[in-house]
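Structural overview
Given next are the chains, with one letter for each unit.
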Amino acid sequence: MHDNRTMVKELHRAIDRAEFEPVFQPQVCARTGKLAGVEALVRWRHPRRGLLPPEAFMPLAAQLRIVPEIDRAVITQGQATLAHWHAAGIVLPKIGFNICADHLREPDLPALLDRLDFGATQVALELREASCLEATHLQSHLATLRDAGIALEIDDFGSGRAAIMSLMELRPSAIKIDRRVTETLKGEPGAEDLVRAIVSMAKTLGVTTLAEGVETQHQAETLRAMGCEILQGFWVAPPLDAAGLASFIQNREIPLLEA
């Protein structure tokens with residue numbers, strides 16, 4: 001209880017002191033290996049405990065209902081990093097930001113995204129599958145974002161209970177297959193049939209599929225053969241800071257898959 005009370009105070013201070021920052025995990029085309037975009041993932045640079053992953057603080061942040069403020073900090077800092085890359089001649093095809101359903105309700109979100117200049121980079125907001133049913137009641141908010149050129153993606157697909165009708169109403173540009181589903185491609189019975197069904201459903205709905213948690217060449221090749229378009233995971237690269245991502249883009253060899 002003492003630790004929780006301490007972290008509550010530290011979380012509020014962290015927002016005021018801009019201690020939340022993004023790291024970036026690359027996403028590549030499954031067919032060509034070319035960079036398709038990045039996902040901006042939050043980290044907390046704690047003054048005593050160092051760089052903390054989201055599982056160390058986001059559950060408590062959700063209880064305190066301050067996740068929208070953390071989302072906003074990551075979006076703002078992500079745009080600043082993007083502008084720095086643009087000045088250096090590095091233009092990303094897409095950048096995705098995780099967002100909670102509560103933040104979708106906030107009227108200042110479209111204005112925030114409109115105020116920030118992302119240049120030629122497509123901005124996508126990633127909504128957890130578990131929030132899909134709630135988000136279907138926010139159609140006017142989603143329409144405003146779509147009109148501003150913002151894409152919507154469903155994150156962690158396969159971990160919740162989103163109905164097909166919810167997907168049809170939300171009209172996402174992409175669904176991201178949960179890493180726990182991708183992990184089953186290591187040999188679990190029926191795993192390939194399950195993933196193939198997800199990819200087939202997405203194609204029927206005209207939605208791009210992106211697989212998270214790709215860790216091996218076998219998983220990458222299997223997903224590519226199934227028609228999954230985008231791959232993300234440690235097989236491609238771990239989450240990188242701004243300098244690490246710039247180096248990754250400039251120096252890496254494209255990991256072409258065998259035909």
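Above this text you will find the structure in question.
**A short note on the nonpolar core**
The biggest cluster of nonpolar side chains holds 72 residues, and the ones touching the most others in it are Phe-97, Phe-118, Ile-175 and Leu-231. Once you skip the residues sitting within four places of it in the chain, Phe-118 turns out to touch Ile-75, Gln-79, Leu-82, His-86, Ile-95, Phe-97, Leu-113 and Val-123.

**Focus on the packing of aromatic side chains**
Following the criterion strictly, the structure yields 5 aromatic pairs and no others. Ring geometry for Phe-20 and Phe-57: centres 5.5 Å apart, planes at 45°, overall tilted. With Phe-20 in strand S1 (residues 20-29) and Phe-57 in the loop between strand S3 (50-52) and helix H2 (58-63), this residue pair connects regions lying 37 residues apart in the sequence. Given a relative accessible area of 0%, Phe-57 falls into the buried group. Between Trp-44 and Phe-57, the ring centres sit 5.6 Å apart and the planes meet at 85°, which makes this aromatic pair edge-to-face. With Trp-44 in strand S2 (residues 35-46) and Phe-57 in the loop between S3 and H2, this residue pair connects regions lying 13 residues apart in the sequence. Through a chain of ring-to-ring contacts, the aromatic side chains of Phe-20, Trp-44 and Phe-57 assemble into a single cluster.

**What about helix H12 (residues 242-251)?**
Taken together, the buried positions of H12 are occupied by Leu-245, Ala-246 and Phe-248. The arc that holds every buried residue of H12, seen down its axis, measures 160°, which confines them to one face. Exposed positions of H12 whose direction lies more than 90 degrees from the buried face are Ala-243, Gln-250 and Asn-251. On its buried side, H12 packs onto S1, S2 and helix H3 (67-87).

**Things to note about the side chain of Glu-212**
Within the secondary structure layout, Glu-212 lies in the loop between strand S8 (208-211) and helix H11 (217-226). Note on Glu-212: relative accessible area 2%, which makes it buried. Side-chain polar atoms of Glu-212 contact the side chain of Lys-176, separated by 3.4 Å. With near-sequence residues (within four places) excluded, Glu-212 lies in contact with Glu-39, Asp-155, Asp-156, Lys-176, Ile-177, Asp-178, Arg-179, Thr-182 and Gln-232.

**What to know about the packing of helix H10 (residues 191-205) against H11**
To describe two helices that pack against each other, one gives the angle between their axes and the distance between the axes. Orientation of H10 relative to H11, taken along the N-to-C sense of each, is 45°, at an axis distance of 10 Å. Looking at the two axes, H10 sits oblique to H11. Read as a crossing pair, H10 and H11 show a hand that is right-handed. Contact with H10, carried on its side by Glu-192, Val-195, Arg-196 and Val-199, involves Thr-222, Leu-223 and Met-226 of H11 and no other residues of that element. Within the contact of H10 with H11, the residues separate by chemical class into 4 nonpolar, 1 polar and 2 charged.

**Observations regarding a nonpolar patch on the surface**
On the surface, a nonpolar cluster with roughly 370 Å² of combined accessible area is contributed by Ile-164, Met-165, Met-168 and Leu-205. The dominant element in the nonpolar patch, judged by the number of residues it contributes, is helix H8 (residues 164-170), at 3 residues. Along the polypeptide, Ile-164 turns up in helix H8. You can call Ile-164 partly exposed: its relative accessible area is 47%.

**Considering a positive patch on the surface**
There is a patch of like positive charges on the surface, built from Arg-5, Lys-9, Arg-13 and Arg-17. You can see Arg-17 is positioned in the loop between helix H1 (2-16) and S1. A relative accessible area of 52% places Arg-17 in the exposed class.

**Describing the pairing of strand S7 (residues 174-177)**
Here S7 shows two buried faces, one formed by Ala-174 and Lys-176 and the other by Ile-175 and Ile-177. Where strand S6 (residues 151-157) and S7 come together, 3 bridges link them in parallel fashion. Bridge pairing in S7 links Glu-153 to Ala-174. Where S7 meets S8, 4 bridges bridge the pair, whose relative direction is parallel. If you follow Ile-177 over to S8, its bridge partner there is Ala-211.

**With respect to the state of the cysteines**
Evaluated as defined, the whole model comprises 0 disulfides. Unpaired in this structure, Cys-29 has its nearest cysteine sulfur neighbour in Cys-228, at a distance of 10.0 Å.

**Section: the pairing of strand S4 (residues 94-99)**
Burial within S4 is extensive, with 5 of its 6 residues counted as buried. As defined by bridge partners, S4 adjoins strand S5 (residues 122-128) across 6 bridges and the pair is classed as parallel. Of the residues in S5, the one forming a bridge with Gly-96 is Ala-124.

Rules used in this analysis
- Residues numbered from 1 in each chain as written.
- Predicted model: local features only at pLDDT ≥ 70, side-chain atom pairs only at ≥ 80, totals over all residues.
- Heavy atoms only, no water.
- Core = buried A, V, L, I, M, F, W, Y, C linked by side-chain atoms within 4.5 Å.
- Buried < 20%, exposed > 50% of the residue type's maximum accessible area, 1.4 Å probe, protein only.
- Contact = heavy atoms within 4.5 Å.
- Phe/Tyr/Trp six-rings, centres within 6.5 Å; stacked < 30°, edge-to-face > 60°.
- Helix = DSSP H or I, 4+ residues; strand = E, 2+ residues; numbered from the N terminus.
- Arc of directions from axis to C-beta.
- Polar contact = N/O pair within 3.5 Å; in protein donor to acceptor, adjacent residues only side chain to side chain.
- Axes fitted to C-alpha atoms, helices over the stretch in contact; angles between N-to-C directions.
- Parallel < 35°, antiparallel > 145°, perpendicular 65-115°, else oblique.
- Left-handed = near helix turned anticlockwise from the far one by under 90°.
- Nonpolar A, V, L, I, M, F, W, Y, C, P; charged D, E, K, R; others polar.
- Patch = residues over 30% accessible without salt bridge, like charges linked within 9 Å, V, L, I, M, F, W, Y side chains within 5 Å.
- Areas by Shrake-Rupley, 256 points an atom, 1.4 Å probe, with all protein chains shown as cover.
- Salt bridge = Lys/Arg side-chain N within 4 Å of Asp/Glu carboxyl O.
- Lys, Arg positive; Asp, Glu negative; His and termini not counted.
- Charge placed at Lys NZ, Arg CZ, Asp CG, Glu CD.
- Pairing = 2+ DSSP bridges.
- Disulfide = S-S within 2.5 Å.

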